[in-house]
Amino acid sequence: MKTKTIRQSVTFNAKAHDVFEALMDSKKHAKFTGDPAKISRKVGGKFTASGDYIEGVNLEVIPDKKIVQAWHSSDMPKDYYTKVTFSFKQEKGKTKLAFIHSGVPENRYEDLKQGWKDYYWTPLKAMLEK
C-alpha cells in the first residue's frame, strides 16, 4: 500500500499545558470535537475518539511537550495503524504545535489532511481562545 505523510503546524493563543490537556483529557477532548472520547495518559494505554471512529495506543507521552500515538480509523484497513506525533513548543504565551501523521494510505490523504483542520485545529482553537 502506498502511504503519505501529513505535516501541519498550528499556533494557539494558549499555554502548551492547555493544548496538551485538551488532547489528552477525555472530557476536554470530547468538548472540542463534539464526540465521545476515552483517553489513557499512560504509555501503552489505549484511547478512543470520535465515538468508535478512532482508536489506538499511546507510544510516547511527555506532558506539555509531546504525544506519539499509533492511530487507527474505522475507514482504514483492519489492523492497520498510522502514527501521529504532536510536538508542543511554548513561545511568549502561545503554543506552536508541530503535527506529523505518517503512514497515511494514499487514498485517505486528502480527507485526513483536511479533517485534522476541520475537526481538530479549528474547534480546538475556538475552545482554547475563548
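Above this text is the structure in question.
Predicted model only: the values in this text are computed from it and were never measured.

Caption draft 1: Spatial organisation of helix H2 (residues 26-33). Listed as buried for H2 are His29, Phe32 and Thr33. Around the axis of H2, the buried residues are gathered within 95° of arc, so they sit on the same side. Pointing more than 90 degrees away from the buried face of H2 are the exposed residues Lys27 and Lys31. Summarising the contacts, the buried residues of H2 are in contact with helix H1 (16-24), strand S2 (38-39), strand S3 (46-49) and helix H3 (109-128). Directly after H2, the chain includes glycine 34, whose backbone phi takes a positive value near 80°.

Caption draft 2: Highlighting the layout of surface pockets. Roughly 220 Å³ of volume is contained in the largest pocket. Around the largest pocket sit 13 residues that line it, and Ser50, Tyr53, Ile54, Gly115 and Tyr119 are the ones nearest its centre. Per-element tally for the lining of the largest pocket: the top contributor is H3, with six residues. For the lining of the largest pocket, a count of residues per class yields seven nonpolar, three polar and three charged.

Caption draft 3: Inspection of the side chain of histidine 29 at higher detail. Considering the arrangement of structural elements, one finds histidine 29 in helix H2. Sequence-distant contacts of histidine 29, that is, excluding residues within four places in its chain, are made with Ala22, Leu23, Ala37, Ile39, Ala49 and Tyr120.

Caption draft 4: Structural context of empty space enclosed by the protein. If you walk through the whole model with that rule in mind, you get one cavity of 30 Å³ or more. Put simply, the largest cavity is a space of about 100 Å³. Considering the residues around the largest cavity, the lining is formed by 13 residues, among which Leu23, His29, Gln69, Phe86 and Tyr120 are closest to the centre. Those elements that provide at least two residues to the lining of the largest cavity are H1, S3, strand S5 (66-73) and H3. At three residues, the largest contribution of residues to the lining of the largest cavity is made by S5. Here the residues of the lining of the largest cavity sort into 11 nonpolar, two polar and no charged.

Cut-offs and rules
Residues numbered from 1 in each chain as written. Predicted model: local features only at pLDDT ≥ 70, side-chain atom pairs only at ≥ 80, totals over all residues. Heavy atoms only, no water. Buried < 20%, exposed > 50% of the residue type's maximum accessible area, 1.4 Å probe, protein only. Helix = DSSP H or I, 4+ residues; strand = E, 2+ residues; numbered from the N terminus. Arc of directions from axis to C-beta. Contact = heavy atoms within 4.5 Å. 1 Å grid on protein atoms, 1.4 Å probe; cavity = no way out; pocket = protein on both sides within 12 Å on 5 of 7 lines; lining within 4 Å. Points joined across faces, edges and corners; volume = space filled by probe spheres on them. Nonpolar A, V, L, I, M, F, W, Y, C, P; charged D, E, K, R; others polar.

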